[in-house]
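Summary of the model geometry
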Amino acid sequence: MIKLSKLDLPGISRAAGTISRILGDTSIKAGLPPGTPVHVGERKTEKVTISIVNYDLDGCKFHQTAAPEDCLDYRDQPGVTWVSIDGLHQVDLIEKIGACFKLHPLIIEDICNTTQRPKLDLFEDYLFLVVKMQTYNRESRSIETDQVSLVLGHNFLLSFQEKPSEIFAGVRIRIENGKGRLRSLGPDYLAYALIDAVIDHYFSVLEELGEDIENLEEEVIGRPRRESIEKIHLLKRELILLRKSIWPMREVLNTLLRHDESDLIGSAMAIYLKDLYDHTIQVIDIVEAYRDVTAGLMDIYLSSLSNRMNEIMKVLTMIATIFIPLTFIAGIYGMNFNPDLSPWNMPELNWRWGYPFALALMGAVVVGMLVYFKRKSWL
Amino acid sequence: MIKLSKLDLPGISRAAGTISRILGDTSIKAGLPPGTPVHVGERKTEKVTISIVNYDLDGCKFHQTAAPEDCLDYRDQPGVTWVSIDGLHQVDLIEKIGACFKLHPLIIEDICNTTQRPKLDLFEDYLFLVVKMQTYNRESRSIETDQVSLVLGHNFLLSFQEKPSEIFAGVRIRIENGKGRLRSLGPDYLAYALIDAVIDHYFSVLEELGEDIENLEEEVIGRPRRESIEKIHLLKRELILLRKSIWPMREVLNTLLRHDESDLIGSAMAIYLKDLYDHTIQVIDIVEAYRDVTAGLMDIYLSSLSNRMNEIMKVLTMIATIFIPLTFIAGIYGMNFNPDLSPWNMPELNWRWGYPFALALMGAVVVGMLVYFKRKSWL
Amino acid sequence: MIKLSKLDLPGISRAAGTISRILGDTSIKAGLPPGTPVHVGERKTEKVTISIVNYDLDGCKFHQTAAPEDCLDYRDQPGVTWVSIDGLHQVDLIEKIGACFKLHPLIIEDICNTTQRPKLDLFEDYLFLVVKMQTYNRESRSIETDQVSLVLGHNFLLSFQEKPSEIFAGVRIRIENGKGRLRSLGPDYLAYALIDAVIDHYFSVLEELGEDIENLEEEVIGRPRRESIEKIHLLKRELILLRKSIWPMREVLNTLLRHDESDLIGSAMAIYLKDLYDHTIQVIDIVEAYRDVTAGLMDIYLSSLSNRMNEIMKVLTMIATIFIPLTFIAGIYGMNFNPDLSPWNMPELNWRWGYPFALALMGAVVVGMLVYFKRKSWL
Amino acid sequence: MIKLSKLDLPGISRAAGTISRILGDTSIKAGLPPGTPVHVGERKTEKVTISIVNYDLDGCKFHQTAAPEDCLDYRDQPGVTWVSIDGLHQVDLIEKIGACFKLHPLIIEDICNTTQRPKLDLFEDYLFLVVKMQTYNRESRSIETDQVSLVLGHNFLLSFQEKPSEIFAGVRIRIENGKGRLRSLGPDYLAYALIDAVIDHYFSVLEELGEDIENLEEEVIGRPRRESIEKIHLLKRELILLRKSIWPMREVLNTLLRHDESDLIGSAMAIYLKDLYDHTIQVIDIVEAYRDVTAGLMDIYLSSLSNRMNEIMKVLTMIATIFIPLTFIAGIYGMNFNPDLSPWNMPELNWRWGYPFALALMGAVVVGMLVYFKRKSWL
Amino acid sequence: MIKLSKLDLPGISRAAGTISRILGDTSIKAGLPPGTPVHVGERKTEKVTISIVNYDLDGCKFHQTAAPEDCLDYRDQPGVTWVSIDGLHQVDLIEKIGACFKLHPLIIEDICNTTQRPKLDLFEDYLFLVVKMQTYNRESRSIETDQVSLVLGHNFLLSFQEKPSEIFAGVRIRIENGKGRLRSLGPDYLAYALIDAVIDHYFSVLEELGEDIENLEEEVIGRPRRESIEKIHLLKRELILLRKSIWPMREVLNTLLRHDESDLIGSAMAIYLKDLYDHTIQVIDIVEAYRDVTAGLMDIYLSSLSNRMNEIMKVLTMIATIFIPLTFIAGIYGMNFNPDLSPWNMPELNWRWGYPFALALMGAVVVGMLVYFKRKSWL
């Protein structure tokens, strides 16, 4: 893999292999009974932090803790409570929070396993949602995937992720400022605001990827190199991963849109969910268009290889077809037949103008060849 | 990119890169709270103009203004009011008009963001529709995409776009003339007339693209060049963009056709919407057929590269196979074995007819080769 | 395009370019208000003729006219009236007939526009159907597409087409003879009989195309030529066109089959429509299979190019690898080192058997090479 | 086509061309009124035979005849009557049987036309089913398609086919023996038993084809030849044909499974039909997997061509790059500059060790080249 | 096949041919009456063993036997009874167990036939489920497929498989330990636990395959070899097989999820089934992503072949274009024109600096060529 690490394709690193990125570490769990929570995925934070916000129209309280028991105080409080857990590797802590909000063991298991695909589970008292957050790490120039699990209850929202993200910081600030609709609406709107932030961030990632594609396009058309094919391959891989993250969102949001049995999601949310759905479709559209363009780059690359071969062959053929006859003529007059033995034996050697004649013959061959090449439009 | 700009493919410019055209500038908004109207897209007009037409069977009044407050006067007026806003970059102005007609904040946001895909949102009191208008700029020889947002109320129609378009001029003239069905029918028919004008214009764009494809077809079959592959790539890109604009229209119109809950769209409109739907399908059919043909051009191009290589190789091989043996024969008789030392040493050199014999030998080789090539049908 | 017209691929002419055949002239109409009838398409007949047949179980009357007003007499007559209009370019005439049978303006527009895709519109009092008729012109050896528009009322059937077709002649004869079910059943059966004739004719077209494909298959496998690729391309184009004509028929017939609200189509028709549907699916199946086979031909063609290149390279390599060493040996003994100066300087030149030795050396190289080629199975 | 018939690909003959096998002779009928029975297909039997079996739990009677009138006696008899007609070219005979059992004229037409795709027609009093039977003819080593038409009434089953098949012999024996469920159940179970026999036979055909694919796989990977590509093409064709025969069965059986309006099919049949459906899906799965594998063979074949070319080029390049410099050196010392004229003119020629020096120089070039090739890992 | 067996691709053996693995031995049964149980598949165990577990919240009893009659004792016992049969080749034994639990003959047939695709049959009193278990045999480094048939009744679960598997051992231990939910819930949860174990094991198989893909990726990009193409082919085959096993599971689980008519599956199972469904979709996602990546490897391999060819050609062309002119110059001065005869005949030969001049001329050619190559960026 050393050889590849030298590639400096902006935005695409081979830090992780293709397959491990597609697969994750899902096999860790094979053999365990269902409902056993095990943390699957990369460990990105040292300490687990629990941030609790309780807010209503009149105000909001912030509370940061490491003790899951603190959640209990907020469970039945009026207003909306948002419990945000950063760090999933401490499985017992997650279990305690789950117990506090009476979550099903399978939900706990899914929260800890960060290789889930986006999904939606509907329960009597809460909804469970998994969303994949994609961020573009400018330092390592690679796409990073994080899993955000949301549990939406009547008066609370739990959000779980391995690493605290700046994407959610904006929402927290809006709660603090009390501006916008956030404070006046329920936890369903808060959930919407978080998912909206995640989906909106896909556009940034797509923009970065788009730059890579444009650079690659220019390279492949202008001056294709051996590495181009690897870059195309890596780009394709990133697009496969993006696609895997966003396609299921469509289904998830569609189910939410058509879900009006429970009262967890207010009817006023329909327009917001529809908007989210539209954005998701737009992301999917762009990813698919990128895939089309990237597949096209492959064709261009292959044809440029053929073009280059043609060019090389043309040079070789021209050199060879010009000089081979010349060398043959030189060879003729290099034969050792004795012109003195018989008038038929290479009389040219004894001509006064023999050498100029031979050179003229060669010149004629060259001119003839050039005319031929001209006609073939090889020149 | 300089190298490419020299391409003179009619109808396809690289003014904008592939990816920026697919993506738009959607990422500007990441991080903002949902419902925040921000103008996303190219700024094409200097001043925002608001054109108001109020008409019924008896007559029509035209009114041009820059003050959004003027709309209020028309809101509850009898007859049909068409408010046409050209210029989307003045977000506050759009917001005022929205407030006047009580539009949802997300709608305002969608109107200002010109990277939307075609969509339909159904509300109690109005419908919101986004359509992509494609025009062919003959000067820059490129396809230009404009977003048209329509809000259809019980007695009004709002249309938003960045640049005033000639496509809608015809509709305005028909209102003025009072000919046709326009004056006698409601705002739903007006909305239909506008969308119909947009969809009909796709056919013009397809015709221009079609000419490009035919030219390219001729070039690729007749005299393929290195640039052909880039032209195919650019054509594919345009088709990807067209496809992205028209495919969702199918769904939008299908929803409209099956939508009979509200009374915003009269039952008499069904036949018109069906007609629009049929035209949309026809555009989609043609775009897909173009894609098929363009994909086929790629195959032809690649096979023509192989053909050319075969031709080059054939020339090289013929020259080489004819002259290499000749040169060998000349080399034989250029050896310095002394025929005087022994009767076995190159006795030909001392023959009377040695030189003619060698030339005849060479001639025989040439004839043999030509017969061989003939049999291989290389000649 | 001159170059291509020299191709003599049976059954496929390039009389019309690929794109104009896919697109038609649909753009003529952009800018006109909806419902404006304009003739779009090729003008194939000089004079418009209106043939009226009125029949019931007891007899039938034929009437040929050029005056659309004559239709009025038949509108309310008992029995079934079939009005067949050949020639669509006289738009006002079509409009008069439409007015006589109270057709919607959009229907009139659709009848005149011969670039429609197959479609079905359901009205209170009549059905409107567009079918694409494909005929194989044996003289120009090309496929010709005609549009047949049918309007089915309670006691009448209108059929519109640009050129009188032999395909419908058989139906007329059956009405005249009074044999079969035609005379005893209503206009719905007549409509079925016409569509059945159209669909059945696709099989003839497919048979002609099939012969072309078999010829091409033989050519590509046996003796591929540069033109083969163009023939494959043209074949693909014809199949794209056929596909565009027949695919929508499936949907049209499916809608008809499930349409039992109006009494325009008797319940006894179900079995006939099902039969028509089955035939349509069969045509689609064959077209798709043809597309598969044609796509396969491309692969064979490309691989045959590679094979040919391999063969050329093999000949070149064999000639070169045999003669290059020989020429080298000859070159060695052509060097002018003086064997008389030193015993180490080319003593072979002074050997008694020097020349035979050199020739034997060369013979050994040839034998060695031939053994090598044999082992490589190049011989 | 003579050239191809020499191919000895086991299991795939080119007895019939690709296209005629896909198309059949369907065009014969174009122009005839619907419902006109015409025999379309190959004539495989001389005489038409009608075999009648009447059975119930207590016993069974066999009756073989050539007179269609005999069927009348069995029409209203108690027990189950199975009328099996072998030979479809005597259309009037089929019509008489149809009249006896009151079949619709379109059904008669479909029975005689052996180019149908599998289909199901539901009538009040009977079901009409078309199934394609595939058998592997070991003598001609080709797949043969036969059409089996079944008409299932309340107390009778009619089966029509052109050639008596061994596949149905087993069912007849089971009726005679009275073993199994056949005798105790109605004609619906008999129909099921026949279709089951047909579907089960697909697996035998798939096994034979599978052997061909494995042989081809071995050939293409181990020692690809020019003919391999044709074999792949022929295999693909057979798979297209198989696919066309079995895909529609899925739909047919699905309709039967969901069809519970009539009492022609007892509710106890559901489990049997489900089983049949599962087998059909399994056949489809295998055909699709075969298609995937065959498509992969194409890739391998093409890459093996490239590999072979690389190998040839490598040999050529090595020979050329070794000998061209050597020949050049020999050429140098073959120049006729006179060393006696000036000490600068080829002094080597007068050296004592001139010739050994030249040979050593050549040896050094050879060694250098070999090292270079080693480094390029061409050796 | 001997040649291929030498491949040492980790995890992929050619122990069984591609086709026999896709097809199985399904053709054995053609010709037998439906419902005849015949063992189809590989025989993996010598003796058939029947393991019976009866458990409820209070305890569990284990019983191992070879006599199918023993099942009768457990049929009506309280608690949950799990009968696990290892070994399917003794068909009469399976039939006895089937009779004991009143299974339909077709079910018995399906249990014995191990070439089933995953399926679900719903009966009044029991459900029948077929699942494909995939295990990775580390010794033979190949994927092995086993068929698990489950029959779920009100108080019992039957599981059939040819070979005892370690995958189910964990479930048995959990029953024994009495930990987890297993003991407190019914046979539906037990069935879920078994299927969950099977699906979870797919992730292990995918991980092993993933390693193979990563190794292959590295090989194809870094140092492609002739064998790479075969490895890609074998990988594709394994993925086709995996896909065939898992895709139908999606449908099976979807049917189970929507199946709420019978009381065989408690309503509390919904969440578990949903979880299973999600895992299945995840496996499908990964398999499809693997297929994408593997298809991409093919492209890279082919392009690397072209690259290699380019490189070879470049070397050949450079050597040839440098030395051919040099050899020509040497040939010129090797001609035997007599400079003494005429001042025009090769005067250089008599020059004092003739030889250095010739060498300088050659040097100039070399320098010119190198400059040319530099400009072409071939160096």
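Above this text you will find the structure in question.
Residues numbered from 1 in each chain as written. Chains lettered and ligands numbered in written order. Predicted model: local features only at pLDDT ≥ 70, side-chain atom pairs only at ≥ 80, totals over all residues. Heavy atoms only, no water.

As for the overall build of chain A
Short version of the rule: Runs of E in the DSSP output that reach at least two residues are strands. Runs of H or I that reach at least four are helices, and both are numbered from the N terminus. Only C-alpha atoms enter the radius of gyration; for comparison, a globular chain is expected to reach 2.2 Å times N to the power 0.38, where N is the number of residues. For each residue, the accessible area found with a 1.4 Å probe, counting protein chains only, is set against the maximum for its type, and the residue is called buried under 20%, exposed over 50%, and partly exposed in between. Residues count as neighbours in contact if any of their non-hydrogen atoms are within 4.5 Å of one another. For accessible areas, the Shrake-Rupley method is used with a probe of radius 1.4 Å. Any residue's cover is judged against the shown protein chains and nothing else.
Scanning chain A from N- to C-terminus turns up 10 helices and seven strands. Computed over its C-alpha atoms, the radius of gyration of chain A comes to 35 Å, more than 25% above the 21 Å expected for a compact globule of 379 residues. Overall, the C-alpha framework of chain A stretches about 125 × 45 × 35 Å when taken along its three principal axes. When each of the 379 residues of chain A is scored for burial, the buried share is 61%. Long-range contacts, defined here as pairs at least 24 residues apart, represent 68% of the contacts in chain A between residues at least 6 apart. Accessible area of chain A: about 14,500 Å², with a carbon and sulfur share of 54%.

Comments concerning the relation of the copies chain A and chain E
The criterion, for reference: Superposition of the copies used a least-squares fit over C-alpha atoms from residues whose pLDDT is at least 70 in both.
Least-squares fitting of chain A to chain E yields an RMSD of 0.1 Å, with the transformation described by 0.1 Å of translation along the axis and a rotation of 72 degrees. The superposition of one copy onto the other is thereby described by a five-fold rotation axis. Within chain A, Gly334(A) has its C-alpha nearest the rotation axis, a separation of 4.6 Å. Of the residues that chain A buries at the interface, just 13% are likewise interface residues in chain E, meaning the two copies contact each other through different surfaces.

Thoughts on the packing of helix H7 (residues 187-222) of chain C against helix H9 (residues 270-332) of chain C
Geometry of a packed helix pair, given as the angle between the helix axes and the separation of the axes. All names here are of chain C. Defined as follows: Axis definition: a line fitted to C-alpha atoms, over the contacting stretch in the case of helices. Angles run 0 to 180 degrees between N-to-C directions. When an angle is under 35 degrees it counts as roughly parallel; over 145 it counts as roughly antiparallel; between 65 and 115 it counts as roughly perpendicular; any other value is oblique. Crossing chirality is assigned from the near helix's rotation relative to the far helix, an anticlockwise turn below a right angle marking it left-handed and a clockwise turn marking it right-handed. Here the term charged refers only to Asp, Glu, Lys and Arg, the term nonpolar to Ala, Val, Leu, Ile, Met, Phe, Trp, Tyr, Cys and Pro, and the term polar to all other amino acids, Gly among them.
One way to put it is that H7 packs onto H9 with a least axis distance of 10 Å and a crossing angle of 15 degrees. In terms of axis orientation, H7 runs roughly parallel to H9. Judged by the sense of rotation from one axis to the other, the crossing of H7 with H9 is left-handed. The residue makeup of the contact of H7 with H9, split by class, is 22 nonpolar, five polar and four charged.

Quick word on the sheet that holds strand E3 (residues 80-86) of chain E
Residue and element names in this part refer to chain E. How we decide: When DSSP locates at least two bridges between a pair of strands, those strands are taken to pair.
The seven strands are arranged E2-E1-E3-E7-E6-E5-E4 in an open sheet whose pairing can be described as mixed. Every interior strand has two partners, whereas the edge strands, strand E2 (59-65) and strand E4 (119-122), have only one. Adjacent strand axes in the sheet meet at a mean angle of 20 degrees when their direction is disregarded. Bridge count between strand E1 (residues 49-56) and E3: seven bridges; the pairing is antiparallel. Following the sheet pairing, Ile 50 is matched in E3 by Ile 85. Relative to the sheet, helix H7 (residues 187-222) contacts E1, E3, strand E5 (127-137), strand E6 (142-152) and strand E7 (156-161), its axis offset from that of E5 by approximately 30 degrees. Against the sheet, helix H8 (residues 226-258) makes contact with E4, E5 and E6, and its axis sits at roughly 150 degrees relative to E5, the strand it touches most.

Some words on the packing of helix H9 (residues 270-332) of chain A against helix H9 (residues 270-332) of chain B
H9(B) packs onto H9(A) with a crossing angle of 20 degrees between their chain directions and a minimal axis gap of 9 Å. One way to sum up the angle between H9(A) and H9(B) is to call them roughly parallel. Regarding H9(A) and H9(B), the two cross each other, and that crossing is left-handed.

A look at unusual backbone geometry
Non-glycine residue Lys102(D) carries a positive phi angle of around 55 degrees. On the basis of relative accessible area, Lys102(D) is assigned to the exposed category, the value being 60%.

Considering the interface of chain A and chain E
Formally: By convention, the term buried area covers the 1.4 Å-probe accessible surface removed from two parts as they join, with the contributions of both added. Should a side-chain nitrogen of Lys or Arg be within 4 Å of a carboxyl oxygen of Asp or Glu, the pair is scored as a salt bridge. Under this definition, polar contacts are N or O atom pairs within 3.5 Å; protein pairs additionally need one hydrogen-donor-capable and one acceptor-capable atom, and for neighbouring residues in sequence, both atoms have to be side-chain atoms.
Counting residues at the interface gives 71 residues for chain A and 68 residues for chain E. In this assembly, chain A packs against chain E so that about 6,200 Å² is buried in total across both faces, 64% of it on carbon and sulfur atoms. If you look at where chain A meets chain E, you find seven salt bridges. Between Asp278(E) and Lys119(A) there is a salt bridge, with the nearest N and O atoms lying 2.7 Å from each other. Viewed at the interface, chain E and chain A are joined by 13 residue pairs in polar contact (both at pLDDT 80 or more). Where the side of chain A that touches chain E is concerned, the elements lending two or more residues are helix H1 (2-5), helix H2 (18-23), helix H5 (105-112), strand E4 (119-122), helix H8 (226-258), H9 and helix H10 (354-375) of chain A. Ranked by the residues each element gives to the side of chain A that touches chain E, the list is headed by H9(A), at 19 residues.

A look at the sheet that holds strand E6 (residues 142-152) of chain B
Hydrogen bonds along the backbone pair up the strands of a sheet, which may run parallel or antiparallel. Residue and element names in this part refer to chain B. Here we have seven strands laid out as an open sheet, ordered E2-E1-E3-E7-E6-E5-E4, and mixed in their pairing. With partners counted over all chains shown, the strands left at the sheet margins are strand E2 (59-65) and strand E4 (119-122), one partner each. Sheet twist, expressed as the mean angle between neighbouring strand axes with direction ignored, is 20 degrees. Inspection of the sheet shows strand E5 (residues 127-137) paired to E6 by 11 bridges, in the antiparallel sense.

Topic: the arrangement of the chains
Chain A shows no contact with chain C. Their nearest C-alpha atoms sit 9 Å apart. Separated in space, chain B and chain D share no contact, their closest pair of C-alpha atoms being 9 Å apart.

What about the interface of chain D and chain C?
One frequently used descriptor of interface size is the decrease in accessible area upon assembly of the parts. Chain D puts 71 residues into the contact, and the matching count from chain C is 68 residues. For the chain D and chain C pair, buried surface summed over both sides reaches about 6,200 Å², with 64% attributable to carbon and sulfur atoms. Applying the counting criterion to the chain D and chain C interface returns seven salt bridges. Taking the shortest distance from any N to any O, the salt bridge between Asp285(C) and Arg117(D) comes out at 2.9 Å. Applying the counting criterion to the chain D and chain C interface returns 13 residue pairs in polar contact (both at pLDDT 80 or more).

Observations concerning the packing of aromatic side chains
We count it as follows: Classification of ring pairs uses Phe, Tyr and Trp, with its six-membered ring standing for Trp, and accepts pairs whose centres are within 6.5 Å; under 30 degrees between planes counts as stacked, over 60 as edge-to-face, and the remaining range as tilted. We count a charge as sitting over a ring when the NZ of a lysine or the CZ of an arginine lies within 6 Å of the ring centre and within 35 degrees of the ring normal.
Going through the model one piece at a time under the given rule, you end up with 47 aromatic pairs over all chains. One aromatic cluster in this structure is built from Tyr189(A), Tyr192(A) and Tyr272(A). Taking NZ or CZ as reference, Arg172(C) lies 4.6 Å from the ring centre of Trp82(C), over its face.

Here we look at the side chain of His279(D)
Residues and elements named next belong to chain D. One can find His 279 in helix H9 (residues 270-332). Among the residues examined, His 279 registers a relative accessible area of 8% and is labelled buried. Those residues in contact with His 279, other than ones at most four positions away along the chain, are Asp 196, Ile 199, Asp 200 and Phe 203.

Regarding the pattern of salt bridges
The final tally for this structure, using the stated rule, is 85 salt bridges over all chains. In this structure, Arg243(A) and Glu288(A) form a salt bridge, with 2.7 Å as the shortest nitrogen-oxygen distance. Here the residue Arg243(A) occupies a position in helix H8, and Glu288(A) occupies one in helix H9, the gap between them amounting to 45 residues. Among the charged side chains, a network of salt bridges with common partners joins Asp110(A), Lys119(A), Asp121(A), Lys274(E), Asp275(E) and Asp278(E).

Here's the deal with a nonpolar patch on the surface
Residues and elements named next belong to chain A. Going by this rule: The residues that make up patches have over 30% relative accessible area and no salt bridge, and they are joined within 9 Å when like-charged or within 5 Å when they are Val, Leu, Ile, Met, Phe, Trp or Tyr.
Together, Trp 351, Phe 357 and Leu 361 give the surface a local cluster of nonpolar side chains, amounting to about 260 Å² of exposed area. Residue placement: Phe 357 occurs in helix H10. Overall, the relative accessible area of 34% leaves Phe 357 in the partly exposed class.

Examining the environment of Gly222(E)
Residues and elements named next belong to chain E. Here Gly 222 shows up in helix H7. For Gly 222, a relative accessible area of 34% gives the class partly exposed. Between the C-alpha atom of Gly 222 and that of Ser 304, which follows or precedes it by 82 residues, the distance is 9.4 Å.

Re the side chain of Asn310(D)
Mapping Asn310(D) onto the fold places it in helix H9. Residues contacting Asn310(D), with those up to four places away along its chain left out, are Leu305(E), Arg308(E), Met309(E) and Ile312(E).

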